[in-house]
Amino acid sequence: MDRQALQERYGIIGESEAIKQVVDKIMQVSGTDITVLLQGESGVGKDITARAIHSLSKRDRKNIVIVNCGAIPEGIIESELFGHEKGSFTGAHEARKGYFEKADGGTIFLDEIGDTPKNIQVKLLRVLESGEFFRVGSSKMYTADVRVIAATNKDLWELVKEGSFREDLYYRLDTVKIKLPPLRDRKEDIIPIFRKFVTEFSSKYDSVFQGFSDEAKELLISYRWPGNVRELRNVAEQLVVLEKSQFIDKDRLQKYLKGRQHLGSTDNLPVLSRKDPEDEPSGQQSSTDTGIIYRALVEMRTDISDVKKMLAKFLYSTFSEKEIKALPSAVSRNIDPNDISGHIRDQMDDSSLGIRSVDTTVEEENEEEIDEIEQFFADKEIPSIEEAEKFLIEQALKRFDGNRRKASEALGVSERTLYRKLDQYGLQ
Ligand SMILES: Nc1ncnc2c1ncn2[C@@H]1O[C@H](COP(=O)(O)OP(=O)(O)O)[C@@H](O)[C@H]1O
Ligand SMILES: [Mg+2]
């Protein structure tokens, strides 16, 4: 297969030198079992690259199991990865396979590998070197024939230097590295990718794209895209939905870009910038912020439903129905047995805990809710996410007389997160 055919088949758009090199590397490594490390900021295309490598390989007939090492709670990551024996910990009613066993014959994609706890890193090194591992609570050695693709948006060497990542694992992973540069460093890819998304969403939402002005085009190219291709996709979707069948000029586009800040990780929600008063003609909250709020809400909803699914999956695989019923209501009202029906306990599938895949039902549900949310906000002044969060925290603490455990439970966050937020907002 040549480069162009591969790009078409996997929907990898781009003509930049960087994309060409990425695609060439995909072709070089996919026929082998060599471990590959994908490095790049969030939203640059690590997932699609991993999938392309897997599906071009002879392991294609088996699964690619996608594990987000940063999203699995520390207490269960070992059993998620390597499985456990019946009775190995409270609630382990059945023996269960881990992701490595599930990926046997296929590929495991360890996303956000830099966030793996150190005690697990030793075990990963072992599997990488010999394919051997132990289930939790067992001294029997298992082996799995698995190809490993890892990804990180961090500089792993920095993590090694600061002591949170093992040097031996670093060298083991660093043999073949594919660097995916941020979108702002390959500006010639922006317009082609944007066109692709706009075309896709126009047909999805039954809308006609009327094109965009030269100035709008320049703005797309000069914008920093902290969220990379993922952000570009979101902007394209919003333009298609909220500016339905309108010609996109610079001002229309600006609304969806302006004021977006880049807070640390690109995975963070966007917040409203209050720092550039010149941009805000009246000093008031302008209606143009609706787009930003909308996007934040879409992302928040998706995140929350992912979290709820993880919670459901964890609880149902760990506790009995009776124990689950006895859980505090703040927990139980957040779990839906349907999230795990059909694949609970030892047969969870790829769409559950720590394994991300696009869930279309979540997207559809979001669309409906967004309508409602938009209605709700149509004539109101909108607080920033931070203000809203701060307000909710204050309310929860007031209601529970300052009891942080209860407040965090009601808010559906961990106590640790609540402490961090209190600190962040300077609350007592
Ligand atoms: N070169 C590209 N061409 C087309 N779509 C892309 C490209 N790179 C990324 N995408 C899309 O952008 C979104 C984010 O990509 P993803 O692979 O999930 O990024 P990452 O894993 O690095 O965060 C996905 O919808 C993906 O399909
Ligand atoms: Mg990813």
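Residues numbered from 1 in each chain as written. Chains lettered and ligands numbered in written order. Predicted model: local features only at pLDDT ≥ 70, side-chain atom pairs only at ≥ 80, totals over all residues. Heavy atoms only, no water.

Naming follows an unreviewed UniProt entry, where the chain appears as Sigma-54 dependent transcriptional regulator of Rhodohalobacter sulfatireducens.

**What to know about the overall build of the chain**
The criterion, for reference: Note on conventions: DSSP H or I runs of at least 4 residues are helices, E runs of at least 2 residues are strands, and numbering of each starts at the N terminus. Each residue's exposure class comes from its accessible area (1.4 Å probe, protein chains only) as a fraction of the maximum for that residue type: buried when under 20%, exposed when over 50%, partly exposed otherwise. Note on definitions: a residue-residue contact is assigned when non-hydrogen atoms from the two residues lie within 4.5 Å. Only the protein chains shown count as covering a residue, and every accessible area follows the Shrake-Rupley method with a 1.4 Å probe.
For the chain, the helix and strand inventory stands at 19 helices and seven strands. Evaluated residue by residue, the chain yields a buried proportion of 44% over its 428 residues. For the chain, the share of sequence-separated contacts (at least 6 apart) that also reach a separation of at least 24 residues comes to 72%. By element, 48% of the accessible surface of the chain is carried by carbon and sulfur atoms, the whole surface being about 22,100 Å².

**Focus on the sheet that holds strand β1 (residues 36–39)**
Keep this limit in mind: At least two DSSP bridges between two strands are needed for those strands to be called paired. Axis definition: a line fitted to C-alpha atoms, limited for helices to the stretch in contact. Angles are taken between N-to-C directions and run from 0 to 180 degrees.
In space, the five strands of this open sheet follow the order β2-β3-β6-β1-β7, with parallel pairing throughout. The strands lining the two open edges of the sheet, one partner per strand, are β2 (64–68) and β7 (176–179). Taking the axes of each pair of neighbouring strands and ignoring which way they run, one obtains an average angle of 20° across the sheet. Direction of pairing for β2 relative to strand β3 (residues 107–111): parallel, over a ladder of five bridges. Opposite Val 67, over in β3, you have Leu 110 as the bridge partner. Along the sheet face, helix α2 (residues 17–30) touches β1, β6 (147–152) and β7 and points at about 155° away from the line of β7.

**As for the pattern of salt bridges**
Our working definition: When a carboxyl oxygen of Asp or Glu lies within 4 Å of a side-chain nitrogen of Lys or Arg, that pair is called a salt bridge.
Following the criterion strictly, the structure yields 21 salt bridges and no others. Its salt-bridge partner being Asp 47, residue Arg 51 comes within 3.9 Å of it at the nearest N-O pair. Of this pair, Arg 51 and Asp 47 are both found in helix α3 (residues 46–56), four residues apart, which corresponds to roughly one turn of the helix. Arg 51 gets classed as partly exposed once you look at its relative accessible area, which sits at 35%.

**Description of the site of ligand 1**
Short version of the rule: Note on definitions. A residue lies near a molecule or strand when any single heavy atom of the residue is within 4 Å of it. Polar contact is defined as a pair of N or O atoms within 3.5 Å, subject to the rule that within protein one atom must be able to donate a hydrogen and the other to accept it, and that residues adjacent in sequence are counted only when both atoms are side-chain atoms. Polarity classes work like this: nonpolar for Ala, Val, Leu, Ile, Met, Phe, Trp, Tyr, Cys and Pro, charged for Asp, Glu, Lys and Arg, and polar for all others, with Gly in that last group.
Residues in close proximity to ligand 1 total 16 residues, the closest being Ile 13, Gly 43, Lys 46, Asp 47 and Arg 230. The backbone of Gly 11 places a nitrogen or oxygen atom 3.4 Å from a nitrogen atom of ligand 1. Taken by itself ligand 1 offers 560 Å² of open surface, and the protein chains cover 88% of this. When residues of the shell around ligand 1 are traced back to their parent elements, those giving at least two are α3, α9 (190–204) and α11 (228–242). For the shell around ligand 1, the residue count by class is six nonpolar, four polar and six charged.

**Topic: the packing of α11 against helix α12 (residues 250–257)**
Where we set the bar: By definition in this entry, angles of less than 35 degrees are roughly parallel, angles greater than 145 are roughly antiparallel, angles of 65 to 115 are roughly perpendicular, and the rest are oblique. Handedness of a crossing is defined here by the sense of rotation of the near helix relative to the far one, left-handed for an anticlockwise turn of less than a right angle and right-handed for a clockwise turn.
Where α11 contacts α12, the axes come no closer than 10 Å and their chain directions differ by 125°. The pairing of α11 with α12 is recorded here as oblique in orientation. Of the two possible hands of crossing, α11 and α12 adopt the one that is right-handed. Across from Val 235, Gln 238, Leu 239 and Leu 242 in α11, the residues of α12 making contact are Arg 252, Leu 253, Tyr 256 and Leu 257. Of the residues that constitute the contact of α11 with α12, the class distribution is six nonpolar, one polar and one charged.

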